[in-house]
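Below, each chain spelled out in residue letters.
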Amino acid sequence: MLDQILQHKRQELDTLELPPYEGIEKRSLYQALKNSHFPVGLIAEIKKASPSKGVIQENFRPVETATFYERAGASAISVLTDQRFFQGHRQYISDVKKHVRLPILRKDFIIEEEQVEESARIGADAILLIGEALEASKLHELYNSAREKGMEALVEVHSEEVLANILKHFEPAIVGVNNRDLTTFETSLGQTERMASYIPDNSLLVSESGIFTREDILRVKRAGAEAVLIGEALMRHENPMEQIDIMMRSEAHERTNG
Ligand SMILES: O=P(O)(O)OC[C@@H](O)[C@@H](O)c1c[nH]c2ccccc12
């Protein structure tokens with residue numbers, strides 16, 4: 001599946017037209033996650049559909065959902081912009097950026113410099129760079145390019161080998177462990193537990209995918225995650241504010257009670 005997506009991305013790149021620069025100030029994803037008032041940082045995701053789950057939310061209202069996420073106390077918003085496989089759009093970032101103050105992560109398959117430039121122009125504060133989709137040297141190059149443009153990058157890995165390769169080049173400030181294997185779509189929170197000890201001490205660990213309950217959050221936090229990235233569990237809910245409350249706040253409660 002990942003190969004198929006990447007092949008499509010390469011085709012898309014041939015006709016990529018860069019939009020004008022929106023000129024909106026950049027916000028720090030890293031700081032927002034560190035400053036979370038929940039026991040872990042929360043990146044709340046806006047995603048209409050996915051290749052593994054099909055359509056997740058029929059009545060899709062990205063700006064409204066983002067506003068709810070912000071009000072519920074999320075640290076940052078992740079917005080899917082891939083059209084073909086996730087029914088996203090780059091316009092959603094520009095729209096959301098106008099209505100929330102939180103940093104926005106552009107969730108897409110970024111493989112070339114033009115996409116980094118595009119991300120900066122549409123108002124993204126951070127981009128996703130997927131270890132499994134890029135040579136480590138290329139990933140490092142795109143990471144530096146994002147930094148030069150005032151953005152940050154969430155460096156996502158699933159496997160230990162891919163992480164080890166990246167660490168030969170540099171230590172990303174934010175490392176995401178994707179609990180989902182992008183080739184099989186299988187999800188296991190055990191992946192965060194297995195990978196945690198390989199993450200550099202100075203990197204902020206984000207556990208991504210397959211997180212649905214307060215117990216899931218406790219589990220990855222115990223493994224060492226400082227933040228979580230949650231999509232489906234929030235998008236499927238009628239009331240995402242209530243869902244964030246249930247997942248994040250009761251966790252704080254549990255912690256206070258020892
Ligand atoms: O909906 P979930 O299971 O909570 O997962 C969110 C996020 O981790 C997932 O959308 C994701 C993680 N890495 C990606 C790479 C591309 C597209 C999507 C993703």
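Everything numeric in this text was worked out from a predicted model, so none of it was measured.

About the criteria used
- Residues numbered from 1 in each chain as written.
- Predicted model: local features only at pLDDT ≥ 70, side-chain atom pairs only at ≥ 80, totals over all residues.
- Heavy atoms only, no water.
- Near = heavy atom within 4 Å.
- Polar contact = N/O pair within 3.5 Å; in protein donor to acceptor, adjacent residues only side chain to side chain.
- Areas by Shrake-Rupley, 256 points an atom, 1.4 Å probe, with all protein chains shown as cover.
- Helix = DSSP H or I, 4+ residues; strand = E, 2+ residues; numbered from the N terminus.
- Nonpolar A, V, L, I, M, F, W, Y, C, P; charged D, E, K, R; others polar.
- Core = buried A, V, L, I, M, F, W, Y, C linked by side-chain atoms within 4.5 Å.
- Buried < 20%, exposed > 50% of the residue type's maximum accessible area, 1.4 Å probe, protein only.
- Contact = heavy atoms within 4.5 Å.
- UniProt positions renumbered as here; feature names shortened; annotations may be inferred.
- Lys, Arg positive; Asp, Glu negative; His and termini not counted.
- Salt bridge = Lys/Arg side-chain N within 4 Å of Asp/Glu carboxyl O.
- Pairing = 2+ DSSP bridges.
- Right-handed = clockwise from strand over helix to strand, strands pointing away.
- Phe/Tyr/Trp six-rings, centres within 6.5 Å; stacked < 30°, edge-to-face > 60°.
- Lys NZ or Arg CZ within 6 Å of the ring centre and 35° of its normal.
- Axes fitted to C-alpha atoms, helices over the stretch in contact; angles between N-to-C directions.

> Looking at this structure, how should I read the site of the ligand?
Surrounding the ligand, one finds 17 residues, the nearest of these being E45, K47, E156, S209 and G231. In the model, a nitrogen atom of the ligand is placed 2.7 Å from a nitrogen or oxygen of the E156 side chain. Protein burial of the ligand: of its 440 Å² of free accessible surface, 99% is covered by the chains. Listed by contribution, the elements that provide at least two residues to the shell around the ligand are strand 6 (126-130) and strand 10 (227-230). Here the shell around the ligand is built from residues that sort into 6 nonpolar, 4 polar and 7 charged.

> For this particular structure, what's the right way to read the nonpolar core?
Inside soluble globular proteins, nonpolar side chains tend to come together where they are buried. If you look at the biggest cluster of nonpolar residues, it comprises 82 residues, and the most contacted ones within it are Y69, L129, V206 and I230. Leaving out residues up to four positions away in the same chain, Y69 has contacts with A44, E45, I46, A74, I77, L234, M235, P240 and I244.

> Sorry, what's going on with the UniProt feature "domain: Indole-3-glycerol phosphate synthase" (unreviewed entry) in the chain here?
This chain's UniProt record puts "domain: Indole-3-glycerol phosphate synthase" (unreviewed entry) on residues 3-244. Helix makes up 40% of residues 3-244 and strand 18%. Its end C-alpha atoms lie 33 Å apart.

> Please explain the side chain of K48 as it appears in this structure.
By secondary structure assignment, the location of K48 is in the loop between strand 1 (41-46) and strand 2 (49-50). Within the buried core, K48 has no salt-bridge partner, and the shortest N-O distance to an opposite charge, that of E58, equals 4.8 Å. A polar side-chain atom of K48 sits 3.3 Å from the main-chain carbonyl oxygen of E58. Residue contacts for K48: discarding those within four places in its chain leaves G54, V55, I56, Q57, E58, F60, F86 and Q87.

> Help me understand the pairing of strand 10, please; the structure alone is not making it clear to me.
Consecutive side chains along a regular strand alternate between the two faces of the sheet. The alternating pattern of strand 10 places A227 and L229 on one face and V228 and I230 on the opposite face, and all of these are buried. Relative to strand 10, strand 1 runs parallel, the two sharing 4 bridges. Within the sheet, the bridge partner assigned to G41 lies in strand 10 and is A227. Pairing between strand 9 (residues 204-208) and strand 10: 3 bridges, direction parallel. Within strand 10, the position partnered with V206 by the bridge is A227. In this fold, strand 9 hands off to helix 9 (residues 214-223), which returns the chain to strand 10; that crossover is right-handed.

> Got a minute to help me understand the packing of aromatic side chains in this structure?
The description of an aromatic ring pair uses the distance of the two centres, along with the angle that the planes make with each other. This structure, assessed with the given rule, holds 3 aromatic pairs. When the centroid spacing of 4.6 Å and the interplanar angle of 55° are considered together, the rings of Y143 and F170 count as tilted. Taken together, the residues span a long stretch of sequence, with Y143 in helix 6 (residues 136-148) and F170 in the loop between helix 7 (160-169) and strand 8 (174-178) at a distance of 27 residues. Comparing Y143 with F170, the two get one shared label, buried. The aromatic ring of F85 is capped on one face by R84, whose charged end is 4.9 Å from the ring centroid.

> Explain the sheet that holds strand 10 to me, please; I cannot follow it from the model alone.
Strand pairing in a sheet relies on backbone hydrogen bonds. The paired strands run either parallel or antiparallel. If you walk around this closed barrel you meet the 8 strands as 1-4-5-6-7-8-9-10, and the pairing is parallel. On average, adjacent strands in this sheet sit at an angle of 25° to one another, irrespective of strand direction. Its contacts with the sheet put helix 3 (residues 62-72) on strand 1 and strand 4 (76-80), and the angle it makes with strand 1 is roughly 165°.

> Teacher, can you tell me more about unusual backbone geometry here?
Negative phi is the rule for most residues except glycine; trans is the rule for most peptide bonds. Here F185, not a glycine, exhibits a phi torsion of approximately 70°, which is positive. Non-glycine residue S209 carries a positive phi angle of around 80°. Its location among the elements puts S209 in the loop between strand 9 and helix 9.

> For this particular structure, what's the right way to read the environment of E114?
Structurally, E114 is set in helix 5 (residues 113-122). By relative accessible area, which is 38% here, E114 ends up partly exposed. Separated by 101 residues in sequence, E114 and L13 place their C-alpha atoms 8.1 Å apart. Among residues more than four places away in sequence, those in contact with E114 are L13, L16 and L18.

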